[in-house]
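Here are the chains, one letter per residue:
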Amino acid sequence: MVASQNHTYLGIPAQILAIPDPAAHIATLLLSGARRGIVISLLDGDEGGEGEIAVGDRVMAHARFAMSRSSGAEARETLAILQEMSDVFLGVG
């Protein structure tokens, strides 16, 4: 889960693969092994001067929106937590 501007949401780590339509703020990302379309307008030029979202950037995705930028370490940590939650739910391990 990610806290951002007093809101909490379940963010799934993803990586931007392409930005086929920058004017529409739509990007293609890799999310859990699948390519998905995602809205990037919430992040374009808004992260403390980090500039526009670019191919290769990592983001936290929620409901087909890129909600925040992410580091590789944060992505690995989040994926490990999600896997642990899945294992508990499924009774694995």
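Predicted model only: the values in this text are computed from it and were never measured.

*Asks:* Talk me through the pattern of salt bridges; I want residue IDs and the actual numbers.
*Replies:* Throughout the structure, instances matching the rule amount to 1 salt bridge. With a shortest N-O distance of 3.4 Å, Asp57 and Arg69 are connected by a salt bridge. Placement of Asp57 in the loop between strand 5 (34-39) and strand 6 (58-62) and of Arg69 in strand 7 (residues 65-69) is noted, with a sequence separation of 12 residues between them. Judged by its relative accessible area of 21%, Asp57 falls in the partly exposed class. Residue Arg69 is classed as buried on the basis of its relative accessible area, which comes to 14%.

*Asks:* Go over the pairing of strand 5, please, and point to the residues and values.
*Replies:* Both strand 4 (residues 26-31) and strand 5 contribute to a ladder of 6 bridges, which runs antiparallel. Counted as the bridge partner of Ile26 is Val39 from strand 5.

*Asks:* Could you give me a rundown of the pairing of strand 7, with the residues and numbers involved?
*Replies:* Looking at chain direction, strand 6 and strand 7 are connected through 4 bridges and run antiparallel. Pairing of His62 across the sheet is with Phe65, part of strand 7. Hairpin connection from strand 6 to strand 7: 2 residues lie between these consecutive antiparallel strands, with Ala63 at a positive phi of about 55 degrees.

*Asks:* Describe the side chain of Thr78, and please don't skip the residues or the numbers.
*Replies:* Positionally, Thr78 belongs in helix 1 (residues 72-90). Once residues within four sequence positions are removed from consideration, Thr78 is found in contact with Gly11, Pro13 and Met60.

Parameters at a glance
Residues numbered from 1 in each chain as written. Predicted model: local features only at pLDDT ≥ 70, side-chain atom pairs only at ≥ 80, totals over all residues. Heavy atoms only, no water. Salt bridge = Lys/Arg side-chain N within 4 Å of Asp/Glu carboxyl O. Helix = DSSP H or I, 4+ residues; strand = E, 2+ residues; numbered from the N terminus. Buried < 20%, exposed > 50% of the residue type's maximum accessible area, 1.4 Å probe, protein only. Pairing = 2+ DSSP bridges. Contact = heavy atoms within 4.5 Å.

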